[in-house]
Amino acid sequence: MTKNFFCFISLLLFTAAAFSEIKNFKSQQVSISYYPRDNYLQISEFNIQHQKGTGELEKDSREFCELISRAQAAEKRFGIKDFNSAEESLSNSGLLVNARYDLLTVKNSSLKQMEEIFSKILERNVNVEFKNSFLVIIFDSQDLEILSSNAEHVFQKGNICSVEWSSKIRSMDVTVGRNLANTEIVQDYFPTTLSSPEKTAEEIEFMRYGLPELTGAERELQDNCDIVRLRHLEYYGNLIEEYKQKTGHYPFQDNVGGQTYAFIYNKKQKKYARDANPSKHTQLLPKTFFTELEKGLGRQIDQLYDPQYAPTGRPVFYIYMIEGDTYYFAVHLSKYYSFTKRVDDHYYKVEISNKSEPSYKIWTMEDLLSNSSYVEGKNMEIMKGKEGYFQEREDKHRREY
């Protein structure tokens, strides 16, 4: 067996618990392409070599390959907070070994995030600031050389380097080089090509919006709560559309003077349902909402509420809002679905309306009921032994007002 295939065959056998040896590699060049508006980061390493006197070349190479095949190498090599690898790949031309890492994050761009990215990749403290419509990174460039960049300006004063991008630029690209000393070539221990499995569009979207996930008992509770919330969404959506069919308009459509809101909460949740909207609007009590629905429908209806009494990262009330002839009804979930809009960690909104706007994750009830992910979510069974808990809570507040 030639050494060229050693890494590839070893993937089937490798079971090491720690991967610290991946730090024993250095690259002669590294390219950084960061897309602030897309929450996307690409790192490319060129001419990867192994540091002499650290670890074992064959073993370290085997571990590097194993991590690439599982899209976990970037995490161990750079440790950039909040970023996860979507795909990773490696190539060996026989002369050079190169690697590429495509990473995503659910976190919105910030100066702190940029500092984290450039500091971890360049292995030194990097300051990032916003100055005169420019995004500026400043760092000690000793032993580094800026080889290329799409920046507007690159300034060098002694060992201090300053790179300035227009704040309107789509990507911040820079390639740096460094001299490698006391290293050994690795070509004989890497396959010609190696890559992690290609992810589907759905998997990529989950990485953009669905992480981090809840764990343990909290996840178990919220998974059950989300099933109830999704069912309640359909219940209220159907009532609102039935009201429209019977009356010719939506609840409170005749209100004038801007938006009209109704928070749907029970008496246990009332203290957490604060109206913090600074815009001009009308805020209605839950009782007013239910009274209007019953008046238009000509019958008494059940009053259904979020099954959680106190908030843990998201509101515990539903929201009805109407402006002009367009209404919205929203519930708040703990986890990501393809039809939800991310608000924060463990906080997603699913919103229905009489007008679908897919780019904003707003759906008509008809469109949502044709979404297989929604139908699957609402039809999931509540964990065995927990059904009584949710039924009892629902019954307790069915005639709250």
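Predicted model only: the values in this text are computed from it and were never measured. (Residues numbered from 1 in each chain as written. Predicted model: local features only at pLDDT ≥ 70, side-chain atom pairs only at ≥ 80, totals over all residues. Heavy atoms only, no water.)

### What about the overall build of the protein chain?
Across its full length, the protein chain carries ten helices and 19 strands. Taken against the 2.2 N^0.38 rule, which gives 21 Å for 401 residues, the C-alpha radius of gyration of the protein chain at 27 Å runs more than 25% over that of a compact globule. With the C-alpha coordinates aligned to their principal axes, the bounding extent of the protein chain is approximately 85 × 55 × 35 Å. For the protein chain, the proportion of its 401 residues judged to be buried stands at 48%. Here the analysis covers contacts within the protein chain between residues at least 6 apart in sequence; of these, 65% occur between residues at least 24 apart. Accessible area of the protein chain: about 20,200 Å², with a carbon and sulfur share of 49%. Treating the 51 positive side-chain charges of the protein chain as one cloud and the 58 negative ones as another, the clouds have centres 5 Å apart. (Helix = DSSP H or I, 4+ residues; strand = E, 2+ residues; numbered from the N terminus. Rg over C-alpha atoms; globule rule 2.2 N^0.38 Å. Buried < 20%, exposed > 50% of the residue type's maximum accessible area, 1.4 Å probe, protein only. Contact = heavy atoms within 4.5 Å. Areas by Shrake-Rupley, 256 points an atom, 1.4 Å probe, with all protein chains shown as cover. Lys, Arg positive; Asp, Glu negative; His and termini not counted. Charge placed at Lys NZ, Arg CZ, Asp CG, Glu CD.)

### Quick look at the pairing of strand E17 (residues 341–344)
Both E17 and strand E18 (residues 347–353) contribute to a ladder of three bridges, which runs antiparallel. Across the sheet, Asp344 pairs through a bridge with Tyr347, a residue of E18. Between the end of E17 and the start of E18, which pair antiparallel, lie two residues, with His346 showing a positive phi angle near 60°. (Pairing = 2+ DSSP bridges.)

### Some points on the confidence of the model for the protein chain
Averaged over every residue, the pLDDT of the protein chain is 93; residues scoring 70 or more account for 95%. Throughout residues 1–19 the model reports pLDDT below 50, and contacts reaching past four residues in sequence, or to other chains, amount to 34 contacts. (pLDDT = per-residue confidence, 0-100.)

### So, the environment of Asn39
The residue Asn39 is located in the loop between strand E1 (25–35) and strand E2 (40–51) in this model. Separated by 269 residues in sequence, Asn39 and Gln308 place their C-alpha atoms 32 Å apart. Every residue in contact with Asn39, bar those within four places of it in the chain, is listed here: Phe83, Leu103, Leu104, Thr105, Val106, Lys107, Asn108, Ser109 and Arg208. A distance of 3.4 Å separates the side chain of Asn39 from the backbone oxygen of Lys107, its partner in a polar contact. (Polar contact = N/O pair within 3.5 Å; in protein donor to acceptor, adjacent residues only side chain to side chain.)

### Some remarks on helix H4 (residues 111–122)
The terminal C-alpha atoms of H4 lie 16 Å apart, and with twelve residues this matches the ideal 16 Å at 1.5 Å per residue to within 8%. Taken residue by residue, H4 has Gln113, Met114, Ile117, Phe118, Ser119, Ile121 and Leu122 as its buried positions. (Expected span 1.5 Å × (residues − 1).)

### Thoughts on empty space enclosed by the protein
Counted under the stated rule, the structure contains two cavities of 30 Å³ or more. Lining of the largest cavity is provided by Val228, His232, Asn266, Gln303, Leu304, Tyr305, Asp306, Pro307, Phe390, Arg393, Glu394 and His397. The biggest single contributor to the lining of the largest cavity is helix H10 (residues 387–396), with three residues. Taken together, the residues of the lining of the largest cavity sort by class into five nonpolar, four polar and three charged. Approximately 50 Å³ is the volume attributed to the second largest cavity. Lining of the second largest cavity is provided by Glu213, Leu214, Arg219, Asp223, Ser334 and Lys335. (1 Å grid on protein atoms, 1.4 Å probe; cavity = no way out; pocket = protein on both sides within 12 Å on 5 of 7 lines; lining within 4 Å. Points joined across faces, edges and corners; volume = space filled by probe spheres on them. Nonpolar A, V, L, I, M, F, W, Y, C, P; charged D, E, K, R; others polar.)

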